[in-house]
Amino acid sequence: MDESKDLSTALLLTMTTATLPPHVQSIQIPYRPYALQHAIHLDPHRIRVVCWGRRGGKSLLAMNEGFCMSHDAVQAGVTNPRGIITAPTNKMLLENWQTACRLWKQAITDQSVSETRLTLGPLGQIDFRSTESQGGAGRGGGYHWAVIDEASRTPQDAFESDIRPALSDTAGRSLLISTPNGLDALFYDYYQRGLEG
């Protein structure tokens, strides 16, 4: 997000009337980030790693950061950007899906429950995938952004072999967000890389 913008305003009025779906005049998302959430939204790094405690609003932050990354891609000239939101279990993924449907209900122009995909008009489409079974989350490529929710419980191979290559041809951004879970191979490794610069 552009630092000159107030994020809560950006999420309340994300698109001009010319780019909105015909049935919507403005989109209002019920989310007002507090200071730490706001700082994460403004962070310009391509790969961001956020270690966050339980019940601190991390999934809400993650869902809305996906929306912001779609918005930013459109602002950068991308037509119909693609994003992916992953979770380590189908149950967690369902919670993310339900949260996104509630938050973005005004922006959703099409919804495929069987494919766990939302289309947000000019903001493109968002796929929801579980990393519970190996070899599928993110395969196919062409994603402009990814949110890896509960990254400390996500298999390293799901990110390194499936999701990260799918971001490479678009130089896509990613947010790995999680509560800590020991010295796991993915989240802990990326968190340490971030600390080292």
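Please read these numbers as outputs of a predicted model, since none were measured by experiment. (Residues numbered from 1 in each chain as written. Predicted model: local features only at pLDDT ≥ 70, side-chain atom pairs only at ≥ 80, totals over all residues. Heavy atoms only, no water.)

A.B. asks: Sorry if this is basic, but what is going on with the layout of surface pockets here?
C.D. replies: Empty space among the atoms becomes apparent when a probe as large as a water molecule is rolled across them. Quantified by volume, the largest pocket comes out at close to 530 Å³. Along its surface, the largest pocket is lined by 17 residues, and Arg 55, Lys 58, Ser 59, Glu 95 and Glu 150 are the ones closest to its centre. Put simply, the parts of the chain that give the lining of the largest pocket at least two residues each are helix 3 (58-75) and helix 4 (90-103). Among the residues forming the lining of the largest pocket, the class breakdown is two nonpolar, six polar and nine charged. (1 Å grid on protein atoms, 1.4 Å probe; cavity = no way out; pocket = protein on both sides within 12 Å on 5 of 7 lines; lining within 4 Å. Points joined across faces, edges and corners; volume = space filled by probe spheres on them. Helix = DSSP H or I, 4+ residues; strand = E, 2+ residues; numbered from the N terminus. Nonpolar A, V, L, I, M, F, W, Y, C, P; charged D, E, K, R; others polar.)

A.B. asks: Mind showing me how you'd approach the environment of Asn 80 here?
C.D. replies: Mapped onto the elements, Asn 80 comes out in the loop between helix 3 and strand 2 (82-87). On the basis of relative accessible area, Asn 80 is assigned to the partly exposed category, the value being 46%. C-alpha of Asn 80 to C-alpha of Gln 125: the two residues are 45 residues apart in sequence and 7.0 Å apart in space. Once you skip the residues sitting within four places of it in the chain, Asn 80 turns out to touch Gly 121, Pro 122 and Gly 124. (Buried < 20%, exposed > 50% of the residue type's maximum accessible area, 1.4 Å probe, protein only. Contact = heavy atoms within 4.5 Å.)

A.B. asks: What's the story with the packing of helix 3 against helix 4 in this structure? I'm lost.
C.D. replies: For any two helices packed against each other, the geometry is given by the interaxial angle and the distance between the axes. At a closest axis distance of 10 Å, the pairing of helix 3 and helix 4 adopts a crossing angle of 60 degrees. Considering their axes alone, helix 3 and helix 4 lie oblique with respect to each other. Between helix 3 and helix 4 lies a crossing whose hand is right-handed. Contacts from Ser 59, Leu 60, Met 63 and Asn 64 in helix 3 reach Asn 96, Thr 99, Ala 100 and Leu 103 in helix 4. (Axes fitted to C-alpha atoms, helices over the stretch in contact; angles between N-to-C directions. Parallel < 35°, antiparallel > 145°, perpendicular 65-115°, else oblique. Left-handed = near helix turned anticlockwise from the far one by under 90°.)

A.B. asks: Before we go on, may I ask you to explain the packing of aromatic side chains in this structure?
C.D. replies: Geometrically, a pair of aromatic rings is defined through the distance of the ring centres and the angle of the planes. A complete count under the given rule lists two aromatic pairs for this structure. Relative to Phe 128, the ring of Trp 97 has its centre 5.3 Å away and its plane inclined at 80 degrees; by these criteria the two rings are edge-to-face. Highlighted residues: Trp 97 in helix 4 and Phe 128 in strand 5 (residues 125-130), separated in sequence by 31 residues. Each of the two residues, Trp 97 as well as Phe 128, counts as buried. (Phe/Tyr/Trp six-rings, centres within 6.5 Å; stacked < 30°, edge-to-face > 60°.)

A.B. asks: Looking at this structure, how should I read unusual backbone geometry?
C.D. replies: In terms of backbone geometry, most residues other than glycine have negative phi values and most peptide bonds are trans. Positioned with a positive phi, Thr 116 is a non-glycine residue whose angle comes to about 40 degrees. Counting through the fold element by element, Thr 116 comes out in the loop between strand 3 (110-112) and strand 4 (117-119). A relative accessible area of 23% means that Thr 116 is categorised as partly exposed. The residue Glu 150 is not glycine, and still its phi comes out positive at about 50 degrees.

A.B. asks: Looking at this structure, how should I read empty space enclosed by the protein?
C.D. replies: A complete count under the given rule lists one cavity of 30 Å³ or more for this structure. Space inside the largest cavity adds up to approximately 30 Å³. Taken together, Arg 46, Ile 47, Phe 159, Arg 164, Leu 167, Gly 172 and Ser 174 make up the full set of residues lining the largest cavity. Residue contributions to the lining of the largest cavity peak at three residues, all from helix 5 (residues 156-168). For the lining of the largest cavity, the class distribution of residues is three nonpolar, two polar and two charged.

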